[in-house]
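Here are the chains, one letter per residue:
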Amino acid sequence: DRSDVHAWQYYVHYLKMNRRMDSWMTDESFDLTTVVVESDKGEKDAKGKANKRKLEDAHVDGHEDMDPHQIAEHEEFTKVKNISRIELGKYQCDTWYFSPFPEEYNDTDLLYFCEFTLQFFKRKEQLQRHLRKVEMRHPPGDEIYRHESLSMFEVDGKKEKIFCQNLCYLAKLFLDHKTLYYDVDLFLFYILCEVDERGCHIVGYFSKEKSSEEGYNLACILTLPSYQRKGYGKFLISFSYELSKKEGKIGTPERPLSDLGAVSYNSYWTRVLLNVIKDTEGTISIRELSELTCIKTDDIISTLQKLQLIQYQRGQHVISAAPELIDQCLKSAGSEGKKVYPEKLIWTPYNAEKEYTAYRG
């Protein structure tokens, strides 16, 4: 009943807060006695300035590559979540952001995902019918890592296009800065799973370009909310660098990083770099650190600068760190999360030339 204002719901965004905090509320949640109303005169006199200020104050985090008008347009299009909640496997969770699902799925309260194929449904019965037909109990692609109950699968976006597009739809519900790629052909997707007697259950993933001129070893990374704070994010970051070591290449993640991604990367870089420095007798250069860890020199310098463990002397960067200071910084960096065992990785780097030859043939 539209006349019953108490039945209305309002979409609420909190100023200066990340948009994952946005939510629908009824009027019972508001204390209207605290509302401050600006005068009409102030609004009229400052109209031009207000519009300019709105552009300047637009949410920039994760959109550094956009100009203010593009950011404002992006925020207008994506400001209201179109899917409220999802069910994936045994977990239900609230979504954080808008994701450009096909129009018929807009304004869905609960969207059901098959955890093996990532197909999505508006009704539970549809999912149940689908599951009765599904024989595969793991992501498509090759299993390249298995240790105890953790498994990693490599999925080629060109070979498994629908699965990878559905993964992008899912990821966008929890990543504000992610650009949705319909053309997934150029990417490889690395899916982390927990394994039990029922199958392989998706925990998170990262993607990387098959061939990156900029040297990126990771394009997008996500740990699903139900599995966060368990060390899986650091596992995925560590795994991306293990692949770089296998390739014999220096790597760095594609920018911009999300706020949560930046925290995880800074923790990983701090822990890896300081452990190498701590275990090294004598001096070690930035270049040697990069060669040992496959971390880009720019990332090494910025990390050590934040820790105040590097100085610029006579035209070069010099690492200056007392053992007790290193220990203090390592303690602040937190745990290493789930550990990657390189000897469990069975993987051959992607060969673009081989695929091109097969395409031409």
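Residues numbered from 1 in each chain as written. Predicted model: local features only at pLDDT ≥ 70, side-chain atom pairs only at ≥ 80, totals over all residues. Heavy atoms only, no water.

## Digging into the pattern of salt bridges
Move 1: Counted under the stated rule, the structure contains 12 salt bridges.
Move 2: Two residues, Asp156 and Lys210, come together in a salt bridge whose shortest N-O distance is 2.8 Å. With a gap of 54 residues between them, Asp156 in strand E8 (residues 150-156) and Lys210 in the loop between strand E10 (199-209) and strand E11 (216-218) connect regions that are remote in the sequence.
Move 3: On the basis of relative accessibility, which here comes to 12%, the residue Asp156 falls in the buried class.
Move 4: Salt-bridge contacts for Glu291 lead to Arg287; the nearest nitrogen and oxygen are separated by 3.4 Å. Of this pair, Glu291 and Arg287 both sit in helix H8 (residues 286-293), 4 residues apart, which is roughly one turn of the helix. Neither residue differs from the other here; Glu291 and Arg287 are each classed as exposed. (Salt bridge = Lys/Arg side-chain N within 4 Å of Asp/Glu carboxyl O. Helix = DSSP H or I, 4+ residues; strand = E, 2+ residues; numbered from the N terminus. Buried < 20%, exposed > 50% of the residue type's maximum accessible area, 1.4 Å probe, protein only.)

## Let's talk about the sheet that holds E8
Move 1: As summarised here, the arrangement of the 5 strands in space is E7-E8-E9-E10-E12, forming an open sheet in which the pairing is antiparallel. This sheet does not close on itself; its edge strands, each paired only once, are strand E7 (142-147) and strand E12 (220-223). Between one strand and the next, the sheet's axes are offset by a mean angle of 20°, whatever the strand orientation.
Move 2: Where E8 meets strand E9 (residues 187-196), 7 bridges bridge the pair, whose relative direction is antiparallel. The residue bridging Ser151 from the neighbouring strand is Cys193, located in E9.
Move 3: Helix H5 (residues 161-172) rests against E8, E9, E10 and E12 of the sheet, and its axis sits at about 75° to E9. (Pairing = 2+ DSSP bridges. Axes fitted to C-alpha atoms, helices over the stretch in contact; angles between N-to-C directions. Contact = heavy atoms within 4.5 Å.)

## Some points on the sheet that holds strand E3 (residues 83-88)
Move 1: Here we have 4 strands laid out as an open sheet, ordered E4-E3-E5-E6, and mixed in their pairing. Each having just a single partner strand, strand E4 (91-94) and strand E6 (120-121) make up the two edges of the open sheet.

## Comments concerning the packing of helix H7 (residues 259-279) against helix H10 (residues 323-333)
Relative placement of two packed helices is described by the angle separating their axes and the distance separating the axes.
Move 1: Orientation of H7 relative to H10, taken along the N-to-C sense of each, is 150°, at an axis distance of 9 Å. When the axes of H7 and H10 are compared, the pair comes out roughly antiparallel. Crossing geometry of H7 relative to H10 is assigned as left-handed. Contact residues: H7 offers Ser267, Thr270, Arg271, Leu274, Asn275, Ile277 and Lys278, while H10 offers Ile326, Asp327, Cys329, Leu330 and Ala333. (Parallel < 35°, antiparallel > 145°, perpendicular 65-115°, else oblique. Left-handed = near helix turned anticlockwise from the far one by under 90°.)

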